[in-house]
Amino acid sequence: MIRIIARKEFAEIVRDGRFMWTAALMVLLLLTAMLAGWQRHGSYMATQAAAQGATNTQWLKQGDKNPHTAAHYGNYAFKPLGPLAFFDNGVTNYTGTTVFMEAHKQNFAIASPAADTSAISRFGELNGAMILQVLMPLLIIFLGFTAFAGERESGTIRQVMSMGISRTSLLGGKALGLAAAVLIVVVPCVIIGAVFIAMTDLPVVGEGLVTRIALLTIAYLAYAGIFLFLTLAVSAWSRSPRAALMVLVGFWAFTAFIMPKTAAEISKAVHPSPSYGSFMAAMKAHQARGFDGTPPWAELGKFQGQMMRKYRVSDVKDLPFYWTAVRMQRLEELDQRVFNQHFGAVTAAYAAQRRLQDRIGLLAPTLPLRSISMGLAGTDLIQQQKFQDDAESFREAMVSKMNGYLSKAAVSLNGVNSASNYLIANEDVFAIVPPFRYQPPALATTLSEHWMNFAVLAFWLGAAILLALLGVQRMSLERD
Amino acid sequence: MYRLIVMHETRALARTGALWAILALLIFAIAFAAWSGGRSVSRQVKGASDAASYEAAMRDRMRTETAEYEAKVEATGGPYEFATVRHAPGQGPPQGTNAGAVGGETAVYVALPPTGLAALSIGLSDIQLDYLPITMGKSLAMTANAELENPVNLLAGSFDVAFVVIFLLPIFILAMTYDLLSSEQERGTLAMILAHPVSLRKLMASKLMARAAIILMVVTGLGLVAVLTVGTQLETPETWLRFGLWIIATLVYSMFWFALAVLVNLYGQSSATNGTILAGAWLILVVIIPTLISLVATTVYPVPSRMDLTVAAREAQSAAEKNMDKSLNAFYAEHLEYVPAGDQRAMDFMTLGQASANTIEKALSPLYAGFQVRRDQQQGLVQRFQYLSPAVMMQLALNEIAGTSGQRYEDFLQQAVAFRAEWNDYFAERFLRQDPLRPADYDSFPVFRYRPEAFSTVLLRLAPSLLGLLVLLLGVAMVPFFGIRRYQVAAR
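Bear in mind that the values here come from a model prediction, so they are computed numbers and not experimental data.

A. Spotlight on the overall build of chain B. When helices and strands are counted, chain B shows 16 helices and two strands. For chain B, the C-alpha radius of gyration of 31 Å lies well beyond 23 Å, the compact-globule estimate for 492 residues. The buried share of chain B, taken over its 492 residues, is 46%. Within chain B, residue pairs in contact and separated by at least 24 positions form 86% of the contacts whose partners lie at least 6 positions apart.

Written out as structure tokens, the structure reads:
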């Protein structure tokens, strides 16, 4: 019986004019978005690889110079994109792509694509994820809001019930029919997307591509299921098709458009993060003041005393290492504590904002799905943070290697170093700094951050099914 | 009769829960939007003032040290000398006498002041930095240009009043009007009403009037409250001129959605179908077309990657360093006035830096020009395609009115670039001549004064979007105005 109802429902939906139009629009947009995303992803990755290769060579071929000067010249880290960025570009447009790694300074990732676009970009980006998160629910609503309300209005529901079918089977049949209609629109597009991935010969950044795709599929199916059962539930509960439509479209606008912004504003108010100007002023002042109130030059004086006592010498030039280099390294470490505190506070505020927004997902299922989708596509905040952390570790290692080399190689210059008399190193020395490699967070890290979002989605799915079951049980068969 | 129907419609609307729910949501949304818009603007303003006052305090300290040094020199009768750059306390003249240290190691911030209505439409001001650090030697294109904000929040975008007007107001309007005629048709009351001496045109107009009056009064009233609470510069007429434009834009935009609902109702479909069509129209006009325009703009005119720019800048830097002697000579050849007397070329790193900065900037200027061309092309494409969607026209109009448009920022950038040249020249000249700064010189440092754009410029930029909205409204309203007589009232 369920199969018959499902077949009838499916046939009815597919024959309706609404289906043709919405399905055609959806397929067209999804294909356009995937194609554009694929093209953009490919050209980004090619540019990124070329740029990283070029600056790595530039580091080696920077010309013979003092190792510390070489650390000032520094290197750049360019962010590679996650494996599924063509499908869900996530926060990519709003994050820096480039980190300058130099001596004495920790820098933010700069050059975010959004800084170079026009105001229209704030309407959002048309990509595969956006279409599945925003348009697919509306497709489900459009195709399904009449499921019960329409049949009640036309009076056919009484005839169906007179066949002796249980209300639960009726719901099951309707759900299957509707699901089939939605899937024949979405599945071909997803397959085409998979073909795109297979055609890409780009290096895959991040492991577990198959697991990622499988989990993404589960998450999006759950999301579709939430809207499917909510649509059926509202259709059963409401008095007329138009009332059902009103409620459903209202909920859709609420979860897809209103809540992401609302959650962002709330999280900003609850966990404030500094603006660029406030951040820089506070950090520079702290740096000059010294981490715990002792200015760096005083700390360095203390350090000099310690070293001289330790090696029992009365003049720095008798130290068994190149004092200038060790002093610079010490300054680096003093500054590092200040950087860590200030950059760490921003990171912590962002992470707290993200978690709060995920929690607000209890009110709007689009929020947890958005997080999961970005996370698995490798385009979320966690990945961005890992990139910046990797760049910072690289910077620290680079500076300490250069200073370390200098401290050993230039011992003979102790006490006689001047602007015209200092050690010059060459390419072989610069090569002790291995090229920058971004190690994307393991899939397990991503999942451990997102298990809550999966739970919220499951909660929503359960609630929607429950509402639909209750709805059909209590549904009146009479027209108003 | 006319008044009677309007009164009746208003009373009927007031009895339904839907109207009150919609009004409550609207009030809540605008209040929330005004609150978050106000927060966003004050965060920016605070950032600008924190950064500027930190740097000013640095210069003040340098000035104090220089004044102490001057007093000491006058007392002892020694020469007033120029300090070499160093980064730890030491003997000799203070750093404040060195123009390179003052102009190159402290920054001066140039700021784009928000207009009185900035809180109503955030535009790109949460991404673009409205205050830029200017230092000697460093090209503006290579300094920070992005505000510090959580990318997750940037992705979601601001919940500002512009969002409420552009996205939510149409939903509320459509929710009140999607069944304007179809509900009467479905209940069978339409024919009965029209049996009275009232034309369909009049009936329609009064129904529309009742709804439009309520919504528009509430929206403009809330807009006024928002301006009074989170607006600034309320004493200047310009703020109120801008608010006048805001009201005009909002009215025209709202009327478009009313007209669209009437248009769809005239085709005589069921309420549910009308609802579907109007929800679909909203989706296409407010979400799909804008994102498609954005996609086309960035695909047809992709801005060159900043990553390529970084590599090229580095290439130029390396070349400049390798040819340091050459570039220094080239620099001195161009700026004979800077060659120190007696030619004791102070080869300290700042002189070299200054010389190589010029070489690098020259090498990169064609690349920057390429950036600018592509951004202008993108902007031009958006300007041309905006007529496809009332939401895009409205967004551009509201950004212009709130002073958060790309063009106003572009104008600010040009002023900033000009000021950088002024700042750079002032300090570079003193530095390269090794001419020690006196405390009194601190008063003659270049000062950035933002030159506001003429209001006529703003109006001129606003005109295409506003006129486009008006033409669209007239076009959409025309169809029902003439087509209403063909409406079939009898049951079908």
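B. The overall build of chain A, seen in detail. Of regular secondary structure, chain A possesses 16 helices and two strands. Taken over C-alpha atoms, the radius of gyration comes to 30 Å for chain A, far larger than the 23 Å a tight globule of 480 residues would show. C-alpha extents for chain A along the principal axes are approximately 105 × 45 × 35 Å. Across the 480 residues of chain A, 49% fall into the buried class.

C. Quick look at the interface of chain B and chain A. Across the boundary between the two partners, chain B contributes 76 residues, which contact 70 residues of chain A. Taken together, the elements giving at least two residues each to the side of chain B that touches chain A come down to α2 (17-76), α4 (151-156), α5 (161-177), α10 (271-300), α11 (306-322), α13 (349-385) and α14 (390-402) of chain B. Top element by residues in the side of chain B that touches chain A is α10 of chain B. It accounts for 17 residues.

D. Region of interest: the nonpolar core. Counting residues in hydrophobic clusters, the biggest one holds 223 residues, and the most contacted among them are L232 of chain A together with A249, F256, A261 and L469 of chain B. Counting residues per element, this core draws most heavily on helix α8 (residues 209-237) of chain A, at 16 residues. The residues contacting F256 of chain B, other than those within four sequence positions of it, are P390, L469, L472, L473 and V476 of chain B. Core analysis: the next-biggest nonpolar cluster, separate from the first, contains 35 residues, A325, A391, V399 and Y405 of chain A among them.

E. Local environment of the packing of helix α9 (residues 237-265) of chain B against α14 of chain B. Residue and element names in this part refer to chain B. Contact pair α9 / α14: the axes reach a minimum separation of 10 Å and the direction vectors enclose 170°. It follows from the interaxial angle that α9 and α14 lie roughly antiparallel. The residues of α14 that touch α9, namely those facing R242, L245, W246, A249, Y253 and F256, are P390, M394, A397, L398 and I401.

F. Expanded view of the pairing of strand β2 (residues 131-134) of chain B. Residues and elements named next belong to chain B. The two faces of β2 match: Y131 and P133 on one face and L132 and I134 on the other face are all buried. With four bridges joining them, strand β1 (residues 108-111) and β2 adopt antiparallel strand pairing. Bridging across to β2, V110 finds its partner in L132.

G. Seen up close, helix α10 (residues 276-289) of chain A. For α10 of chain A, with 14 residues, the first-to-last C-alpha span of 20 Å sits near the 20 Å given by 1.5 Å per residue. Among all positions in α10 of chain A, only Y276, G277, F279, M280, A281 and M283 of chain A are buried. Here the buried face of α10 of chain A lies against α12 (323-360) of chain A together with α2 and β2 of chain B. Just downstream of α10 of chain A, G290 of chain A is the residue with a positive phi angle, here 95°.

H. Seen up close, the environment of N89 of chain A. Residue and element names in this part refer to chain A. The topology assignment puts N89 in the loop between β1 (75-78) and β2 (98-101). Sequence spacing of N89 and H41 is 48 residues, and the spatial spacing of their C-alpha atoms is 8.8 Å. Among residues more than four places away in sequence, those in contact with N89 are G37, E125, N127 and T379.

I. View of the environment of K284 of chain A. All names here are of chain A. Relative to the elements of secondary structure, K284 occurs in helix α10. With 17 C-beta atoms packed within 10 Å, K284 lands in the partly exposed category. Along the backbone, K284 and H104 are 180 residues apart, and their C-alpha atoms lie at a distance of 12 Å.

J. Looking closely at unusual backbone geometry. Positioned with a positive phi, R312 of chain A is a non-glycine residue whose angle comes to about 50°. Residue position: R312 of chain A is located in the loop between α11 (296-310) and α12. Owing to 7 C-beta atoms within 10 Å, R312 of chain A belongs among the exposed residues under this scheme. Its identity as a non-glycine residue notwithstanding, Q233 of chain B has a phi of 50°, on the positive side. Inspection of the secondary structure assignment puts Q233 of chain B in the loop between α8 (200-230) and α9.

K. Representation of the packing of helix α9 (residues 241-270) of chain A against α12 of chain A in the model. All names here are of chain A. For the pair α9 and α12, interaxial distance at closest approach is 9 Å and the crossing angle is 135°. Here α9 lies oblique to α12, going by the angle between them. Crossing hand, α9 versus α12: right-handed. Listed contacts from α12 to M259, A263, A264, I266, S267, K268 and V270 of α9 are Q353, L356, Q357 and I360. Of the residues assigned to the contact of α9 with α12, the class counts are seven nonpolar, three polar and one charged.

L. The confidence of the model for chain B, seen in detail. Residue and element names in this part refer to chain B. Of all residues in chain B, 91% attain a pLDDT of 70 or more, and the chain-wide mean is 87. Summarising per-element confidence for chain B, the mean pLDDT is lowest in helix α12 (residues 324-334) (65) and highest in α14 (96). A low-confidence stretch, residues 341-347 (pLDDT under 50), is modelled with five contacts involving residues beyond four sequence positions or located in other chains. For this predicted complex, the interface score ipTM comes out at 0.92, while the overall pTM is 0.92.

M. Inspection of the environment of A351 of chain A at higher detail. Residue position: A351 of chain A is located in helix α12. We classify A351 of chain A as partly exposed; it has 17 C-beta atoms within 10 Å.

What counts, and where the lines are drawn
- Residues numbered from 1 in each chain as written.
- Chains lettered and ligands numbered in written order.
- Predicted model: local features only at pLDDT ≥ 70, side-chain atom pairs only at ≥ 80, totals over all residues.
- Helix = DSSP H or I, 4+ residues; strand = E, 2+ residues; numbered from the N terminus.
- Rg over C-alpha atoms; globule rule 2.2 N^0.38 Å.
- Buried ≥ 20, exposed ≤ 12 C-beta atoms within 10 Å, placed from the backbone.
- Contact = placed C-beta atoms within 7 Å.
- Core = buried A, V, L, I, M, F, W, Y, C linked by C-beta atoms within 7 Å.
- Axes fitted to C-alpha atoms, helices over the stretch in contact; angles between N-to-C directions.
- Parallel < 35°, antiparallel > 145°, perpendicular 65-115°, else oblique.
- Pairing = 2+ DSSP bridges.
- Expected span 1.5 Å × (residues − 1).
- Left-handed = near helix turned anticlockwise from the far one by under 90°.
- Nonpolar A, V, L, I, M, F, W, Y, C, P; charged D, E, K, R; others polar.
- pLDDT = per-residue confidence, 0-100.

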